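# A look at the structure
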Amino acid sequence: MTQLEFSVLDVLDHAAVDEWSALLDYSNQVDSPDYPPGAPAARVMGLLRSAEAVRFDHILARRDGQLVGTAEMIMPRLDNEHLVEFELEVHPDHRRSGVGAALLAEVERRGREAGRRTFIVYTPVQVEGVRREPVSAHGLPRPTVMRRAWTRSSG
């Protein structure tokens, strides 16, 4: 299997932003088919948010030129400067092939280069006894219960 190549998403590269957004949409469709699709405009606006207090990096993982995964790294700049919170997303057709593990290692490498020592990721969980409803009566997505799935801290 070919090695992965990592890069940071260039928000001015419209083709890369569209490809990144399509990966998130497809993953959401596979993982949560009952939920409405994300809003592409809101997602793109999120890429343009102010970065004075927080640094946002979107890491792209490519195999043979094809986008197979992404990670969003969130690093506070004014306090909690030891912290990286992140989300990983692997294209459903490329799961169980080492992409997630490689993205995790890349997030950790980049975080340590930035002087970070605590890494936290959250994942959605199904809550026992709670009926799964995709949207509220107002058509808005219901809140997702999140559980801290992995934390690594050193120093």
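Keep in mind that this is a model prediction, so the values were computed, not measured. (Residues numbered from 1 in each chain as written. Predicted model: local features only at pLDDT ≥ 70, side-chain atom pairs only at ≥ 80, totals over all residues. Heavy atoms only, no water.)

As a further point, take helix α3 (residues 99-113). Compared with the 21 Å implied by 1.5 Å per residue over 15 residues, the 21 Å span of α3 between its first and last C-alpha is a close match. Among the residues of α3, those classed as buried are V99, L103, E106, V107, E108, R110 and G111. (Helix = DSSP H or I, 4+ residues; strand = E, 2+ residues; numbered from the N terminus. Expected span 1.5 Å × (residues − 1). Buried < 20%, exposed > 50% of the residue type's maximum accessible area, 1.4 Å probe, protein only.)

Turning our attention to unusual backbone geometry. Look at D64: it is not a glycine, yet its phi comes out positive at around 55 degrees. Notably, N80 is not glycine yet its phi reads approximately 50 degrees, a positive angle. Structurally, the position occupied by N80 is in the loop between β3 (66-76) and β4 (83-90).

Now for the pairing of β4. Across 6 bridges, β3 lies against β4 in antiparallel orientation. Across the sheet, I74 pairs through a bridge with E85, a residue of β4. In this antiparallel pair of consecutive strands, β3 and β4, the connection spans 6 residues, and N80 shows a positive phi of 50 degrees. (Pairing = 2+ DSSP bridges.)

A separate point is the confidence of the model for the protein. Summarising the model, the protein shows a mean pLDDT of 84, and 79% of its residues fall at 70 or more. When pLDDT is averaged over each helix and strand of the protein, the minimum, 62, is found for strand β6 (residues 146-153) and the maximum, 98, for strand β1 (residues 5-8). Confidence over residues 135-145 falls short of pLDDT 50; this stretch has 15 contacts with residues more than four positions distant or in other chains. (pLDDT = per-residue confidence, 0-100. Contact = heavy atoms within 4.5 Å.)

Geometry of a packed helix pair, given as the angle between the helix axes and the separation of the axes. Two elements in contact, helix α1 (residues 14-31) and helix α2 (residues 40-47), have axes whose closest approach is 11 Å; the angle formed by their N-to-C orientations is 125 degrees. Regarding the angle of α1 to α2, the classification is oblique. The two elements α1 and α2 meet at a crossing, and its hand is right-handed. Facing α1, whose interface residues are V17, W20, S21, L24 and D25, α2 presents P40, R43, V44 and L47. When grouped by side-chain class, the residues that make up the contact of α1 with α2 number 6 nonpolar, 1 polar and 2 charged. (Axes fitted to C-alpha atoms, helices over the stretch in contact; angles between N-to-C directions. Parallel < 35°, antiparallel > 145°, perpendicular 65-115°, else oblique. Left-handed = near helix turned anticlockwise from the far one by under 90°. Nonpolar A, V, L, I, M, F, W, Y, C, P; charged D, E, K, R; others polar.)

Another point: the environment of D57. The residue D57 is located in strand β2 (residues 54-63) in this model. Classification of D57 as buried rests on a relative accessible area of 11%. Separated by 50 residues in the primary sequence, D57 and V107 have C-alpha atoms spaced 9.6 Å apart. The residues contacting D57, other than those within four sequence positions of it, are A71, E72, M73 and M75. Separated by 2.8 Å, the side chains of D57 and R55 make a polar contact. (Polar contact = N/O pair within 3.5 Å; in protein donor to acceptor, adjacent residues only side chain to side chain.)

For α1, which comprises 18 residues, the first-to-last C-alpha distance of 26 Å matches the rise-based estimate of 26 Å (1.5 Å per residue) to within 8%. All of the buried residues along α1 are A16, V17, W20, S21, L23, L24 and S27. Seen along its axis, α1 keeps its buried residues to an arc of 150 degrees; they face one direction. Turned more than 90 degrees away from the buried face of α1 sit H14, A15, D18 and Q29, all of them exposed. Of the surrounding elements, those touching the buried residues of α1 are α2, β2, β3 and β4. (Arc of directions from axis to C-beta.)

Opposite charge on two side chains makes pairing possible when the charged atoms of those side chains draw close. Summed over all chains, the structure comprises 9 salt bridges. Where E89 meets R95, a salt bridge forms, and the shortest distance between an N and an O atom there is 3.2 Å. Between E113 and R109 there is a salt bridge; the shortest N-O distance is 2.5 Å. In this pair, E113 and R109 are both assigned in helix α3, 4 residues apart and thus about one turn of the helix distant. For E113, a relative accessible area of 61% corresponds to the exposed category. Residue classification places R109 among the partly exposed residues on the basis of a relative accessible area of 37%. Because the salt bridges share partners, they merge into one network encompassing E106, R109, R110 and E113. (Salt bridge = Lys/Arg side-chain N within 4 Å of Asp/Glu carboxyl O.)

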